[in-house]
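Okay, here's what each chain looks like letter by letter:
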Amino acid sequence: VHGAHQFTSKEEAKRQRTIHLDGDVVQLKFGGLRDPSYHGEAFKRYAVNIHTNKAWDPENGFLAVMHYRRIPYGCGVWPSFWAMNSDKVWPGGGELDIME
């Protein structure tokens, strides 16, 4: 995993309180820090990783509509939302930056 994040499962995201559902509103938050798992590794911050049931096809286009109430900022925080290829492991399949 690249970067200073540790993607979590759905259950772990709920336990870490990095995701919250309230009706039709979804709140995604950055989580706490995970200690390095080996010498030289940076601390990782728990983060949400969302998967869809259907992959997007660049031949047909792509539309993402999002409304942000707040975006976190500050030292060590890099809010982002992107889509990755489902057929190849990053970086081989690239990514589509939606908000970064």
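Thresholds, definitions, all that
- Residues numbered from 1 in each chain as written.
- Predicted model: local features only at pLDDT ≥ 70, side-chain atom pairs only at ≥ 80, totals over all residues.
- Heavy atoms only, no water.
- Helix = DSSP H or I, 4+ residues; strand = E, 2+ residues; numbered from the N terminus.
- Buried < 20%, exposed > 50% of the residue type's maximum accessible area, 1.4 Å probe, protein only.
- Polar contact = N/O pair within 3.5 Å; in protein donor to acceptor, adjacent residues only side chain to side chain.
- Contact = heavy atoms within 4.5 Å.
- Pairing = 2+ DSSP bridges.
- Salt bridge = Lys/Arg side-chain N within 4 Å of Asp/Glu carboxyl O.

1. A short note on the side chain of Glu41
You can see Glu41 is positioned in the loop between β4 (33-34) and β5 (44-47). Look at Glu41 and you get buried, because its relative accessible area is 13%. In this structure the side chain of Glu41 is engaged in a polar contact, spanning 3.2 Å, whose partner is the side chain of Arg34. Beyond its immediate stretch of four places on either side in the chain, Glu41 contacts Arg34 and Pro36.

2. Section: the pairing of strand β2 (residues 19-22)
Where β2 meets strand β3 (residues 25-28), 4 bridges bridge the pair, whose relative direction is antiparallel. Residue pairing in the sheet places Leu21 in a bridge with Val26 of β3. Taken together, β2 and the strand that follows it, β3, pair antiparallel across an intervening segment of 2 residues, in which Gly23 is found at a positive phi of about 70°.

3. Things to note about unusual backbone geometry
The phi angle at Arg17 is positive, at roughly 60°, despite the residue not being glycine. Structurally, Arg17 can be placed in the loop between α1 (10-16) and β2. Among the residues examined, Arg17 registers a relative accessible area of 66% and is labelled exposed.

4. Details of the pattern of salt bridges
Pairing is possible between side chains that carry opposite charge, provided their charged atoms lie close to one another. Applying the stated criterion across every chain yields a total of 2 salt bridges. Of the charged contacts in the structure, one is a salt bridge between Glu12 and Arg15, with a shortest N-O distance of 2.9 Å. A residue pair is termed a helical-turn pair when its members lie 3 or 4 positions apart in one helix, as Glu12 and Arg15 do in helix α1 at 3 residues. Since its relative accessible area comes to 58%, Arg15 is described here as exposed.

These figures capture arrangement, not role.
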